[in-house]
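Spelled out from the first residue to the last, the chains are:
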Amino acid sequence: MHDLRVLRDNPEAFDGGLARRGLPPQSAVVLDLDARRRAAQTALQDMQARRNEASKLIGAYKKDGKDAQPLMDEVAGLKDRMAEAEAIEKALSEELDRLLSTIPNLPAADVPQGKDEHDNVERHRVGTPPVIENAKEHFDLGEALGFMDFGGAAKLSGARFTVLKGPLARLERALGDFMLDTHTREFGYTEVSPPLMVRDEAAFGTGQLPKFAEDLFQTNTGHWLIPTAEVPLTNLVADSILDAEELPLRMTARTPCFRAEAGAAGRDTRGMIRQHQFYKVEMVSVTTPDQSAAEHERMTEAAETVLKRLGLPFRTVTLCTGDMGFSASKTYDIEVWLPGQNMYREISSCSNCGDFQARRMKARWRHKGDKNTQFVHTLNGSGVAVGRALLAVMENYQEADGSIRVPDVLVPYMNGLERIVRG
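Residues numbered from 1 in each chain as written. Predicted model: local features only at pLDDT ≥ 70, side-chain atom pairs only at ≥ 80, totals over all residues. Heavy atoms only, no water.

Where an unreviewed UniProt entry is consulted, the chain appears under the name Serine--tRNA ligase, with the organism given as Nitrospirillum amazonense. One UniProt comment on the chain, placed under Subcellular location (unreviewed entry), says "Cytoplasm". Per UniProt, the chain carries the Subunit (unreviewed entry) text "Homodimer. The tRNA molecule binds across the dimer." (UniProt positions renumbered as here; feature names shortened; annotations may be inferred.)

Caption draft 1: Molecular detail of the domain arrangement of the chain. What the domain assignment reports for the chain is domain 1 (4-102) and domain 2 (117-420). Each of domain 1 and domain 2 was reduced to a C-alpha centroid, and the two centroids are 45 Å apart. Listed per partner, the contact involves four residues of domain 1 and nine residues of domain 2. Of the roughly 630 Å² buried between domain 1 and domain 2, counting both surfaces, carbon and sulfur atoms make up 46%. (Domains from an automatic or database assignment. Contact = heavy atoms within 4.5 Å. Buried area = accessible area lost by both parts, 1.4 Å probe.)

Caption draft 2: Inspection of the pattern of salt bridges at higher detail. Considering all chains together, one arrives at 26 salt bridges under this definition. We note a salt bridge from Glu297 to Arg123, for which the minimum N-O separation is 3.1 Å. Separated by 174 residues along the polypeptide, Glu297 in helix 10 (residues 292-310) and Arg123 in strand 1 (residues 121-126) bring together distant segments of the chain. When its relative accessible area of 34% is taken as the criterion, Glu297 is described as partly exposed. (Salt bridge = Lys/Arg side-chain N within 4 Å of Asp/Glu carboxyl O. Helix = DSSP H or I, 4+ residues; strand = E, 2+ residues; numbered from the N terminus. Buried < 20%, exposed > 50% of the residue type's maximum accessible area, 1.4 Å probe, protein only.)

Caption draft 3: How the structure looks around the sheet that holds strand 1. Pairing is mixed across the open sheet formed by eight strands, whose spatial order is 1-10-11-12-15-9-8-4. Single-partner strands in this sheet number two, and they are strand 1 and strand 4 (190-191). Of the pairings in the sheet, the one linking strand 10 (residues 314-318) to strand 11 (residues 330-338) comprises five bridges and is antiparallel in character. Residue Arg315 lies in a different strand from strand 11, and its bridge partner there is Glu335. Strands strand 4, strand 8 (249-258), strand 9 (277-287) and strand 15 (377-385) of the sheet are contacted by helix 7 (residues 166-186), whose axis makes an angle of about 165° with strand 8. Against the sheet, helix 10 contacts strand 1, strand 8, strand 9, strand 10, strand 11, strand 12 (343-352) and strand 15, and its axis sits at roughly 5° relative to strand 15. (Pairing = 2+ DSSP bridges. Axes fitted to C-alpha atoms, helices over the stretch in contact; angles between N-to-C directions.)

Caption draft 4: Layout of the nonpolar core. In this structure, Leu168, Leu171, Leu175, Met179 and Ile420 are the most contacted members of the largest nonpolar core, which totals 50 residues. At the level of elements, helix 5 (138-145), helix 7, strand 9, helix 10, strand 11, strand 12, strand 15 and helix 12 (386-396) are the ones that each hand at least two residues to this core. In this view, Leu175 contacts Leu310, Val386, Ala389, Leu390, Val393 and Leu410; residues no more than four positions away in its chain are not counted. If you look at the next biggest cluster of nonpolar residues, it comprises 16 residues, including Val237, Met361, Ala363 and Val376. (Core = buried A, V, L, I, M, F, W, Y, C linked by side-chain atoms within 4.5 Å.)

Caption draft 5: Here's a closer look at the sheet that holds strand 13 (residues 364-366). Read across the open sheet, the three strands follow the order 7-13-14; overall the sheet is mixed. Two strands bound the open sheet, and with one partner strand each, they are strand 7 (241-243) and strand 14 (374-375).

Set out below in structure tokens:
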């Protein structure tokens, strides 16, 4: 959500931020609703004051033997008018909230201008893509090994699901364990095991609702299956006032994630690139405003460290204004090299959301003993997508005979297994 006071003071800057995202101006509509709502509130307060005044006079009139009927009629009329004013004020407030809830976060000043992913700016590359003659994609490798079953998954659940078996299932588990160990032992994140279903309020708090409901799965109880652990982890501080000494708060979780992929028709239909269900290790940080920029760099370093230890070539890019997510003010994407596709593909996205989510969640902080509160800053990042790390390992460590070498760092997690061969 956005700070109405800031918008009132500088509507041009607000519209300028939206223009950088390629969106039309909204300040005039927002401020009109805001002015009408405040006028309704003022009128309601004036009527309340007059009703209280008239009610007191009624008692005095009756005590002095004066005719109080005109005042009684006025109070009765005010009661009806106040009910109408309350309904108007409520309707305007709801309309204003609905509009504000659909307006994305404004990009930070240093976010590069652009329309789409082609305008993202590369920060750096790490590692050299391996030279692999006739490199195969992960689905060809997995099916040939006999440990990746798309047909069985389709029989069970339809398209965009995968069954992993044997050493590939073990490799998926090993990757998640390795990532959690890295983030908890080296970067100070607290491991959390959160619910996989959340209520409307939680999905609203991190920005999935109301605008992106079609991208989510909903249960018959009204709960939403989480698209990422960002949702439950970030909402743990909803409706809270944190002491400055508690911050930064860092949490990580490995969870299944569920996405409808409503806008992905025809894209990545084969393999594990774009699934309805997948595992991801998520990182969430809650900070004071002055810490958030440094925390963003630190979070991105944590995600990059995972790929460095796995020996996977990658590049990190700063997303342009036209490619950022709804809640983000600045985002770094990490893209891993996939020899089978001969290109880099996203494996992690680390975003600083500023106070955007905090306003939706009413998450605040203050110095100990201080009555004044401020909104926290929230950040989230993949640390990293486990499924995509699995396929990246398969493609980058494939051998000519179709076997797959296990990265050295994962051998202990694989109970000493160094190579995956056909079962």
